[in-house]
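Residue-level structural notes
Below are the chains, spelled out letter by letter.
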Amino acid sequence: MSEVIVLSPGEGEVVGDAPDRRVEILCDRDELVVTWTRFGPGRDGAQPHVHHTHSDLFFVLAGELTLVVGPEREERVLGAGTLAFAPPLLVHGFRNAGGAELRYLNFHAPGARFADFLRGRNPGFDQVDPPADGGRPVTDALIVPPGARGVLVDRDEIRVEARDEPGPPSGRLTCLHPLEGGGVLELHA
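The following refers to the structure shown. (Residues numbered from 1 in each chain as written. Predicted model: local features only at pLDDT ≥ 70, side-chain atom pairs only at ≥ 80, totals over all residues. Heavy atoms only, no water.)

Let's shift gears to the overall build of the protein. Within the protein one finds one helix and 16 strands. Against the 2.2 N^0.38 benchmark of 16 Å for 189 residues, the protein shows a C-alpha radius of gyration of 15 Å, consistent with a compact globule. Principal axes of the C-alpha set define a box for the protein whose edges measure 45 × 35 × 35 Å. Of the contacts made within the protein by residues no fewer than 6 positions apart, 65% connect residues no fewer than 24 positions apart. For the protein, the centre of its 18 positive side-chain charges and the centre of its 29 negative side-chain charges are spaced 1 Å apart. (Helix = DSSP H or I, 4+ residues; strand = E, 2+ residues; numbered from the N terminus. Rg over C-alpha atoms; globule rule 2.2 N^0.38 Å. Contact = heavy atoms within 4.5 Å. Lys, Arg positive; Asp, Glu negative; His and termini not counted. Charge placed at Lys NZ, Arg CZ, Asp CG, Glu CD.)

As structure tokens, this is what we get:
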């Protein structure tokens, strides 16, 4: 049977805490790293970049995350309940361009030692400048709107589901994050 981890903000390992930014590591596994982040209004996140070996996902809990994505660096404003998936070699970056606090979950699958990068112990983390050819087309990004239920992402490295109640064990590492207003976000890595 797979291991089940329940993820809750305030229970993680704090790796950054300032008035305009807080980052907690909720899960640090080879298969998956999950962080919970709070950004104050106008706070920059990461400049456009790519990952070679892993996928990067964002689930907006509150506020609006501005995602910069694709070769043309298109801006997408993602509200609470939105999931964004960036596969390897897709240019992406993000920030809080809004006037309210932003809270989001970030998933790296496989983990790629992202947690060690946040701790300052992995300077060789798989994050590099966008390639000269612009990388994958923006159509390779997946943006799932708020309120979606069922399977949101289904890839070899990660399966993300939004459910009203947790589902049966999957045989993989399963992480559950309760959603405000009810339901659960279920990650299988």
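Right, let's talk about the sheet that holds strand 15 (residues 174-178) for a bit. What the five strands build is an open sheet, ordered 1-15-16-14-13; its pairing is mixed. Looking along the sheet, the strands with just one partner apiece sit at the ends: strand 1 (4-6) and strand 13 (150-154). The average undirected angle you get between the axes of adjacent strands in this sheet is 20°. Where strand 13 meets strand 14 (residues 159-163), four bridges bridge the pair, whose relative direction is antiparallel. The partner of valine 153 across the bridge, within strand 14, is valine 160. (Pairing = 2+ DSSP bridges. Axes fitted to C-alpha atoms, helices over the stretch in contact; angles between N-to-C directions.)

Let's shift gears to the side chain of threonine 174. Mapped onto the elements of the fold, threonine 174 is located in strand 15. Residue class for threonine 174 comes out buried when judged on its relative accessible area of 5%. (Buried < 20%, exposed > 50% of the residue type's maximum accessible area, 1.4 Å probe, protein only.)

A complete count under the given rule lists 21 salt bridges for this structure. The closest approach of N and O atoms between glutamate 161 and arginine 159, which form a salt bridge, is 2.9 Å. For glutamate 161, a relative accessible area of 6% gives the class buried. What you see here is one network of salt bridges that share partners, running through Glu13, Asp28, Arg113, Asp116, Arg119 and Arg121. (Salt bridge = Lys/Arg side-chain N within 4 Å of Asp/Glu carboxyl O.)

Further remarks concern the nonpolar core. Counting residues in hydrophobic clusters, the biggest one holds 27 residues, and the most contacted among them are Leu32, Leu83, Phe107, Val160, Leu185 and Leu187. If you list the elements that add at least two residues to this core, you get strand 3 (21-28), strand 4 (33-39), strand 6 (55-62), strand 9 (83-86), strand 11 (102-109), strand 13, strand 14 and strand 16 (184-188). With residues near it in sequence (within four places) discarded, leucine 187 still touches Leu7, Leu32, Val34, Phe107, Arg159, Val160, Leu173, Thr174 and Cys175. Phe39, Phe58, Leu67 and Leu78 belong to the second largest nonpolar core, which has 16 residues in total. (Core = buried A, V, L, I, M, F, W, Y, C linked by side-chain atoms within 4.5 Å.)

A full pass over the atoms with the stated rule returns eight aromatic pairs. With centroids separated by 4.9 Å and ring planes inclined at 55°, the aromatic side chains of phenylalanine 58 and phenylalanine 94 adopt a geometry described as tilted. With phenylalanine 58 in strand 6 and phenylalanine 94 in strand 10 (residues 92-95), this residue pair connects regions lying 36 residues apart in the sequence. Here phenylalanine 58 matches phenylalanine 94 in class, with each residue buried. Connected via pairs of aromatic rings, a cluster forms that spans Phe39, Phe58, Phe94 and Tyr104. Directly above the ring of phenylalanine 39 sits arginine 43, whose terminal nitrogen or CZ lies 5.7 Å from the centroid. (Phe/Tyr/Trp six-rings, centres within 6.5 Å; stacked < 30°, edge-to-face > 60°. Lys NZ or Arg CZ within 6 Å of the ring centre and 35° of its normal.)

Judged from the three bridges that link them, strand 5 (residues 44-49) and strand 10 form a sheet pairing that is antiparallel. By the bridge assignment for strand 10, aspartate 44 is matched with arginine 95. Bridge analysis of strand 7 (residues 64-69) against strand 10 gives four bridges, and the strand direction is antiparallel. Looking across to strand 10, one finds that valine 69 is bridged to histidine 92.

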